[in-house]
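Breakdown of the fold
Listed here are the chains, written in short residue letters.
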Amino acid sequence: MATSGKVIRCRAAVAWAAGKSLSVEEIEVAPPKAHEVRVKIVATGICRTDDHVLVGTFPDVEFPVIPGHEGAGIVESIGEGVTSVKPGNQQIRNSLWLHTSCAILTEPQNLLPDKTSRFTCKGKQIHHFLWNSTFAEYTVVPEYTLAKIDAAAPLDKVCLLACGFPTGYGAAINTAKVKPGSTCAVFGLGGVGLSVVMGCKAAGASRIIAIDINKDKFARAKEMGATECINPQDFKKPIQQVLTEMTGHGVDYSFEAAGTADTLIAALASCNMNTGVCVLAGEPPAGSTIPIDPFLLLSGRTCKGTLLGGWKMRDSIPRLVASYLEKKFNSDLLITHTLPFAKINEGFELLRAGKSIRSVLLF
């Protein structure tokens with residue numbers, strides 16, 4: 001391509017400091033080095049994780065930074081030694097995907113693996129985010145973080161398969177291994193929580209109780225498979241007690257997708273005391289701790305976490321995209337707004353106000 005080997009000037013949303021709105025700037029994106037790929041981002045979703053970056057509650061982020069991690073695009077150029085993709089291939093960014101899952105918890109991803117950045121703006125180095133930075137029209141990533149997908153896939157739809165949808169859907173299918181005929185409770189009806197609802201339905205759960213303090217999300221939850229929707233604010237007793245009374249013995253599976261200590265404790269306590277499984281799928285603020293009564297576990301409950309729904313992303317994303325094209329699930333239901341990239345801050349305002357599930361930005 002004409003741009004191969006050259007610096008590209010393009011738009012990106014830069015977070016200059018925590019607590020400030022994103023600033024749409026012209027940046028310079030250097031060519032990819034060995035085993036790196038430069039991707040033209042076509043569409044990217046706004047995930048709650050990105051908001052954690054902006055407010056300063058995501059661990060190990062260095063400012064200034066270009067956030068974004070739920071993107072899909074087309075390979076623009078490749079560095080030396082790249083063999084799995086070539087210019088023109090459609091790709092999904094594998095949010096957080098690495099050769100070893102523990103690496104994402106131990107190795108900061110503010111710079112590329114060689115400890116340098118490919119981004120500059122106004123003469124300053126700009127940091128990467130999780131080796132993704134999909135809030136840029138062009139980004140440079142390690143080769144092994146890309147998943148090649150079917151050229152027929154609509155990038156403005158399947159970009160959600162990079163993070164939110166597989167996290168929730170996989171939490172039910174892979175992590176909890178929901179059994180047919182079981183009873184499930186889902187705490188938090190954002191993109192991840194609603195994807196959990198879809199996963200529970202796909203697994204054959206007979207009762208799916210959706211829980212949120214925002215009643216505006218209930219109709220969509222029922223459209224995706226929830227059998228009942230309840231608001232904790234409508235009750236004077238703890239929601240775990242309400243759920244136990246509704247089910248007689250507690251739910252078989254509960255899912256925390258709101259990212260707070262209170263909802264995790266409630267989700268764990270709402271499980272059947274002998275056999276219940278609670279899955280943590282939400283993202284608590286960095287540094288938070290959760291006090292848990294040990295007897296909640298001693299009685300027989302299980303509490304487990306999930307990272308991207310337990311998928312091996314580079315292998316699984318192409319299969320998920322194929323399933324999407326075969327209409328085995330409808331992740332499009334998560335998309336409530338489609339905005340031009342210039343309105344990125346409006347997308348975050350919709351998220352914070354509880355008016356959106358997923359906003360997709362188009363370049």
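Residues numbered from 1 in each chain as written. Predicted model: local features only at pLDDT ≥ 70, side-chain atom pairs only at ≥ 80, totals over all residues. Heavy atoms only, no water.

**What to know about the overall build of the protein**
Per the secondary structure count, the protein includes 11 helices and 17 strands. Here the protein has a C-alpha radius of gyration of 20 Å; the compact-globule value for 363 residues is 21 Å, and the two agree. If you line up the protein on its principal axes, its C-alpha atoms span 65 × 40 × 35 Å. Looking at the 363 residues of the protein, the share that counts as buried comes to 55%. For the protein, the proportion of contacts with a sequence separation of at least 24, taken over those separated by at least 6, is 72%. When the accessible surface of the protein is split by element, carbon and sulfur atoms take 54% of a total near 14800 Å². Positive and negative charge centroids in the protein, built from 37 and 33 side chains respectively, lie 3 Å apart. (Helix = DSSP H or I, 4+ residues; strand = E, 2+ residues; numbered from the N terminus. Rg over C-alpha atoms; globule rule 2.2 N^0.38 Å. Buried < 20%, exposed > 50% of the residue type's maximum accessible area, 1.4 Å probe, protein only. Contact = heavy atoms within 4.5 Å. Areas by Shrake-Rupley, 256 points an atom, 1.4 Å probe, with all protein chains shown as cover. Lys, Arg positive; Asp, Glu negative; His and termini not counted. Charge placed at Lys NZ, Arg CZ, Asp CG, Glu CD.)

**What about the packing of helix H4 (residues 164–176) against helix H5 (residues 191–203)?**
The geometry of H4 relative to H5 is characterised by a closest axis approach of 7 Å and an angle of 40° between their N-to-C directions. In this view, H4 runs oblique relative to H5, as classed from their interaxial angle. At the point where H4 passes H5, the crossing takes the right-handed sense. Between H4 and H5, the contacting residues are Gly164, Phe165, Thr167, Gly168, Tyr169, Ala171, Ala172 and Ile173 on the first element and Gly191, Val192, Ser195, Val196, Met198, Gly199, Cys200, Ala202 and Ala203 on the second. Taken together, the residues of the contact of H4 with H5 sort by class into 11 nonpolar, 6 polar and no charged. (Axes fitted to C-alpha atoms, helices over the stretch in contact; angles between N-to-C directions. Parallel < 35°, antiparallel > 145°, perpendicular 65-115°, else oblique. Left-handed = near helix turned anticlockwise from the far one by under 90°. Nonpolar A, V, L, I, M, F, W, Y, C, P; charged D, E, K, R; others polar.)

**Regarding the sheet that holds strand S6 (residues 119–121)**
In space, the 4 strands of this open sheet follow the order S1-S2-S6-S7, with antiparallel pairing throughout. A single partner strand is all that each edge strand has here, and the edge strands are strand S1 (8–14) and strand S7 (124–126). Direction aside, the axes of adjacent strands within the sheet are offset by 45° on average. (Pairing = 2+ DSSP bridges.)

**A look at the packing of aromatic side chains**
This structure, assessed with the given rule, holds 8 aromatic pairs. Ring centres of Tyr324 and Phe329 lie 6.4 Å apart, and the angle between their planes is 50°; this geometry places the pair in the tilted category. Chaining the aromatic ring pairs together yields one cluster made of Phe165, Tyr169, Tyr324 and Phe329. (Phe/Tyr/Trp six-rings, centres within 6.5 Å; stacked < 30°, edge-to-face > 60°.)

**Re the confidence of the model for the protein**
In the predicted model, the protein carries a mean pLDDT of 91, and the fraction of residues at 70 or more is 95%. This model gives residues 94–105 a pLDDT under 50, and the stretch forms 32 contacts once residues within four places in sequence are excluded. (pLDDT = per-residue confidence, 0-100.)

**Details of the environment of Ala281**
Here Ala281 is to be found in the loop between strand S14 (277–280) and helix H9 (294–298). Between the alpha carbons of Ala281 and Thr227 there is a distance of 21 Å; along the sequence they are 54 residues apart. Discounting chain neighbours no more than four positions away, the residues touching Ala281 are Thr167, Ala171, Val192, Glu256 and Thr306.

**Details of H4**
Taking 1.5 Å per residue, 13 residues should reach 18 Å; H4 reaches 17 Å between its end C-alpha atoms and fits that length. Of all the bends found along H4, the most pronounced is centred on Gly170 and spans about 50°. Among the 13 residues in H4, 11 count as buried, and that is most of the element. Residues of H4 that are buried make contact with H5, strand S13 (253–256), S14, strand S15 (302–305), helix H10 (313–325) and strand S17 (358–362). (Expected span 1.5 Å × (residues − 1). Bend = angle between axes of the 7 residues up to and from the residue.)

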